Amino acid sequence: MSPAVLEAAVSSSAKPKVGFVSLGCPKNLVDSEVMMGLLHHNGAELTANAEDAEIIVINTCSFIDSAKQESVNTILEMVKHKTGGKASRIVVAGCLVERYRDEIQKNIPEVDAVVGTGELEAILAAAGLSPSGHAKTDSPFNILPQGLMERAPSAVHQHSHPHEEGAQLQTASRAEGTAREQSGRFSRDAWDGASSHLPEYLYDDATPRILSTPRASAYIKIAEGCDHPCTFCIIPQLRGKFRSRRMGSIVAEAQNLIAQGVREITLIGQDTTCYGEDLGLKEGLAQLLDALAVLPGLKWVRFLYTYPNKVTTRLLETMAKHDTIAKYLDVPLQHASTNVLKTMKRGGSAPIFLDLIAKARRIVPGIVIRTSFIVGFPGETDADFEELMAFVKAAKIDWLGVFTYSDEEGAKAFELPDDSKVPQRTIQARRRKLMKLQQKISTQEKAKWVGRTVDVLVEGISEETDLLWEGRTSLHAPEIDGKVLINDFGPHEALVPGTFYTAEITEAHDYDVVARILE
């Protein structure tokens, strides 16, 4: 998925203007919204003109090499505002800080402060602000209601929610996480300059937050961190052990979002299917969805980033039970070859995954499946790749992303012998071949959409041409899937962005479909 980039600024007569650039995934975007909210709540006034900023905050991504490079390039670009513009202070936040805390300031001396993923409240000190307890109300961005700002967020623990009797401060963890910490899963010994302290921060419904997404849509982060042992991934070192928010806090945040006009909520976490395990909940995600699905005013709720062996029958039955839950399952499988999956420490196999997909389609009629694969993982043979190709042909995945393997220092796969590494030319050729296959499958599957009547959330004029508008159905996640292109407004003179309309699909292309508005 392409990085979500937002720019905002904060100012008042007594405070400096602060501009934001947020890179990376929706989880990082929520962190940016929290930092913006903390600044705004403590006396700042938001403006959308980042070029006027005296302080610029770059919230970075460090998942793979290309993300690190983009983060560094963005920092250097923003530094120009300090060396030749109005900015007097540069703050770097996010995953790159967790990995290269000291190196950032050493190699880019124009950077004045760094804020890690577990230190979001430190953005106040980094920006030279002091906690004031007074929120501004005049902002061009969507501000969470004042009721969310009555108590300060905690940097380490969550507050109990009022209607959760006997709830305690959040200190628990999953048994798997504790065991893997003891075995060195979260070790940062190989990283130069990173703090040894793992992030523990977790925002709650009382945390000030500025929404930067379109008014009708918002993300809610229901958990943070990850305990899984995947050998290609460094997210556990960047984000810490898995930890869930209290269910009452999530429901309260959803109610406040709905109260300000949000109609589509997307639940996110490193692995949403682990939700609640550290709180002693069984089938926590299904319980949470049951609670959210019946909230008045909510049109769609979906959840992203599930782990295949944790997609349970109850979870699927919960999806089928509620009209408000999008029939959309995002389950990154990473590969289909048993050999590669074993080296990745993912488990599973092509037959197991095919059974899961068949089960999901049986229990949840009309469900769409999104997944992602990594090609070129060390040791991946031609036979392994052909097994992956055969799986994709058989599974007929609706939405599919393909990543090329990135060798990341600190990940276990980095330690695999050099002779197991796949040449870049081969990796790129495999990606092109797999995407060509998926394009053919997608074209065939999208042709089946023609003639359907669907609800469409209209987002605005198409990025491709002013002659078309675009939107999404509940079967499209924000930003990462295809689009519904609208060429006929039906009975309307004009459409209103952020509004739901009934539409008919009239044409289909490789990934996008064309629709006309009915009402």
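Residues numbered from 1 in each chain as written. Predicted model: local features only at pLDDT ≥ 70, side-chain atom pairs only at ≥ 80, totals over all residues. Heavy atoms only, no water.

Counting through the fold element by element, threonine 502 comes out in strand 20 (residues 500-508). Since its relative accessible area comes to 18%, threonine 502 is described here as buried. Along the sequence, threonine 502 and alanine 515 sit 13 residues apart, while their C-alpha atoms lie 9.8 Å from each other. If near-sequence neighbours (up to four positions away) are discounted, threonine 502 is found in contact with Thr453, Val454, Asp455, Arg516, Ile517, Leu518 and Glu519. (Helix = DSSP H or I, 4+ residues; strand = E, 2+ residues; numbered from the N terminus. Buried < 20%, exposed > 50% of the residue type's maximum accessible area, 1.4 Å probe, protein only. Contact = heavy atoms within 4.5 Å.)

Attention shifts here to empty space enclosed by the protein. Across all of its chains, the model carries one cavity of 30 Å³ or more by this definition. Around the largest cavity, the lining residues are Val30, Asp31, Val34, Thr117, Leu120, Tyr201, Leu202, Tyr203, Lys221, Glu224, Arg239 and Arg243. With three residues, the single largest contributor to the lining of the largest cavity is helix 1 (residues 26-41). For the lining of the largest cavity, the residue count by class is six nonpolar, one polar and five charged. (1 Å grid on protein atoms, 1.4 Å probe; cavity = no way out; pocket = protein on both sides within 12 Å on 5 of 7 lines; lining within 4 Å. Points joined across faces, edges and corners; volume = space filled by probe spheres on them. Nonpolar A, V, L, I, M, F, W, Y, C, P; charged D, E, K, R; others polar.)

We now examine the pattern of salt bridges. With the rule as written, the count across this model stands at 35 salt bridges. Notably, a salt bridge pairs glutamate 277 with lysine 310, separated by 2.9 Å at the nearest N-O pair. Placement of glutamate 277 in the loop between strand 12 (264-268) and helix 8 (284-293) and of lysine 310 in the loop between strand 13 (300-303) and helix 9 (313-321) is noted, with a sequence separation of 33 residues between them. When its relative accessible area of 30% is taken as the criterion, glutamate 277 is described as partly exposed. When salt bridges with common partners are traced through the structure, they connect Arg174, Glu176, Asp227, Glu277 and Lys310 into a single cluster. (Salt bridge = Lys/Arg side-chain N within 4 Å of Asp/Glu carboxyl O.)

So, on to the environment of phenylalanine 20. Tracing the chain through its elements places phenylalanine 20 in strand 2 (residues 18-22). For the pair formed by phenylalanine 20 and methionine 36, sequence separation is 16 residues and the distance between their alpha carbons is 8.0 Å.

What follows covers the nonpolar core. One finds Ile265, Leu267, Phe391 and Leu434 to be the most contacted residues of the largest nonpolar core, which totals 122 residues. Of all the elements, helix 1 adds the most residues to this core, at seven residues. The next biggest cluster of nonpolar side chains, apart from the first, holds 17 residues, and it includes Leu23, Val92, Leu96 and Val111. (Core = buried A, V, L, I, M, F, W, Y, C linked by side-chain atoms within 4.5 Å.)

Within the element layout of this structure, glutamine 438 appears in helix 13 (residues 424-447). Relative accessible area serves as the criterion here: at 1%, glutamine 438 is assigned to the buried category. For glutamine 438, the side chain forms a polar contact with the main-chain oxygen of isoleucine 397, separated by 3.1 Å. Once residues lying within four places of it in the same chain are set aside, the contact partners of glutamine 438 are Val392, Ile397, Asp398, Leu400 and Tyr511. (Polar contact = N/O pair within 3.5 Å; in protein donor to acceptor, adjacent residues only side chain to side chain.)

Right, let's get into the sheet that holds strand 16 (residues 399-404). Taken together, three strands build an open sheet; the order of strands is 14-15-16 and the sheet is parallel. Each of the sheet's edge strands pairs with one partner strand only, and the pair in question is strand 14 (328-330) and strand 16. The mean angle between the axes of side-by-side strands here comes to 15°, regardless of whether they run parallel or antiparallel. The sheet contact formed by strand 15 (residues 368-375) and strand 16 spans six bridges and is parallel. By the bridge assignment, arginine 370 is partnered in strand 16 with tryptophan 399. Here helix 12 (residues 382-395) sits on the sheet in contact with strand 15 and strand 16, set at roughly 170° to strand 15. (Pairing = 2+ DSSP bridges. Axes fitted to C-alpha atoms, helices over the stretch in contact; angles between N-to-C directions.)

Turning our eyes to something else, we now look at the sheet that holds strand 18 (residues 469-472). Within the closed barrel, the five strands sit side by side as 17-18-19-21-20. Their pairing is mixed. Averaged over all neighbouring strand pairs, the angle between strand axes comes to 55°, with direction disregarded. By the bridge criterion, five bridges tie strand 17 (residues 453-461) to strand 20 in an arrangement that is antiparallel. Residue pairing across strands places valine 454 opposite alanine 503, the latter belonging to strand 20.

What follows is about the packing of helix 8 against helix 9. It is at 9 Å that the axes of helix 8 and helix 9 come closest, and there the two elements cross at 15°. The angle between helix 8 and helix 9 falls in the class roughly parallel. When the axes of helix 8 and helix 9 are compared, the crossing they make is left-handed. Judged by residue contacts, Leu285, Ala286, Gln287, Leu289 and Asp290 of helix 8 engage Arg314, Leu315, Thr318 and Lys321 from helix 9. Grouping the amino acids of the contact of helix 8 with helix 9 by side-chain chemistry returns four nonpolar, two polar and three charged. (Parallel < 35°, antiparallel > 145°, perpendicular 65-115°, else oblique. Left-handed = near helix turned anticlockwise from the far one by under 90°.)

A few words on the pairing of strand 9 (residues 217-221). Here is the key point about a regular strand: its side chains alternate between the two faces of the sheet. With respect to burial, strand 9 is a largely interior element, five of its five residues being buried. A two-sided burial pattern is seen for strand 9, the buried positions comprising Ser217, Tyr219 and Lys221 on one face and Ala218 and Ile220 on the other. Pairing analysis gives five bridges linking strand 9 to strand 12, with the strands arranged parallel. Its bridge partner lying in strand 12, tyrosine 219 is registered against threonine 266.

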